[in-house]
Amino acid sequence: MKGKTGPLDCVVLPIEANSLFVGDKGIYLDIIAFEITNKKGESKDTHIVKQSLSKEIFEKMTDEQKKDMPIIGNLRVWGEYTEPEPESDMQPRSETDDLPFKRQRSITKTITKK
């Protein structure tokens, strides 16, 4: 490619074929971080970063293709890192409960002296 001052070295990436998307201020790549579960060596990295693909594209890939996706980078959580507890919405509900939100239940207990 030729620039104002002479030839330029460049890399050209097809946008759609590489699952990139065009935004208001540029071209973007969705990424996702996966926690490293089997650390090797003395690395302090806690996660690897890979490209995040749409569900449709990901489901069409073979297991081998998924494993071969390149690692874009890594990251390190600073400070003490603890995995958050999964939250569950497994609250029992009444058959007649038609409220669009979860009802908070209050429990009261009466203490009597003998």
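With that settled, the discussion passes to the sheet that holds strand 6 (residues 47-51). In spatial order, the strands read 5-6-7; together these 3 strands make up an open sheet with antiparallel pairing. The open sheet is flanked by strand 5 (31-35) and strand 7 (73-75), the only strands paired with a single partner. In this sheet, neighbouring strand axes are inclined to one another by 35° on average, regardless of whether the strands run parallel or antiparallel. Of the strand pairs in this sheet, strand 5 and strand 6 are connected by 5 bridges, and their pairing is antiparallel. Residue pairing for strand 6: Ile32 is matched across the bridge by Lys50.

As for its placement among the helices and strands, Lys50 is situated in strand 6. As a buried residue without a salt bridge, Lys50 has its nearest oppositely charged side chain in Asp68, at a separation of 8.0 Å. From its side chain, Lys50 meets the backbone oxygen of Met69 in a polar contact 3.3 Å long. What Lys50 contacts, discounting residues up to four positions off in sequence, is Asp30, Ile31, Ile32, Phe34, Lys66, Lys67, Met69, Pro70, Ile71 and Ile72.

How each quantity is defined
- What you see as residue numbers is a count from 1 along each chain, following the sequence as written.
- Local features in this predicted model are restricted to residues whose pLDDT is 70 or higher, and side-chain atom pairs enter the listing and the counts only when it is 80 or higher, whereas totals over whole chains, interfaces and linings include all residues.
- Here the side-chain values reflect all heavy atoms present in the structure, with hydrogen atoms and water set aside.
- Strand pairing is defined by DSSP finding a minimum of two bridges between the two strands.
- A run of H or I in DSSP counts as a helix once it spans at least four residues, and a run of E counts as a strand once it spans at least two, with each numbered from the N terminus.
- For helices, the fitted line uses only the C-alpha atoms of the stretch in contact; every axis is such a line through C-alpha atoms, and the angle between N-to-C directions lies from 0 to 180 degrees.
- With a 1.4 Å probe rolled over the protein chains alone, any residue whose accessible area is under 20% of its type maximum counts as buried; one over 50% counts as exposed, and the rest are partly exposed.
- Only four residue types enter the charge count, namely Lys and Arg as positive and Asp and Glu as negative; His and the chain termini do not.
- Salt bridges are counted wherever a side-chain nitrogen of Lys or Arg sits within 4 Å of a carboxyl oxygen of Asp or Glu.
- Nitrogen and oxygen atoms within 3.5 Å of one another constitute a polar contact, given that in protein one can donate a hydrogen and the other can accept it, and given that sequence-neighbouring residues count only through two side-chain atoms.
- Residue contacts are defined here by distance: any two heavy atoms, one from each residue, within 4.5 Å place the two residues in contact.

Read these as spatial facts, not as claims about activity.
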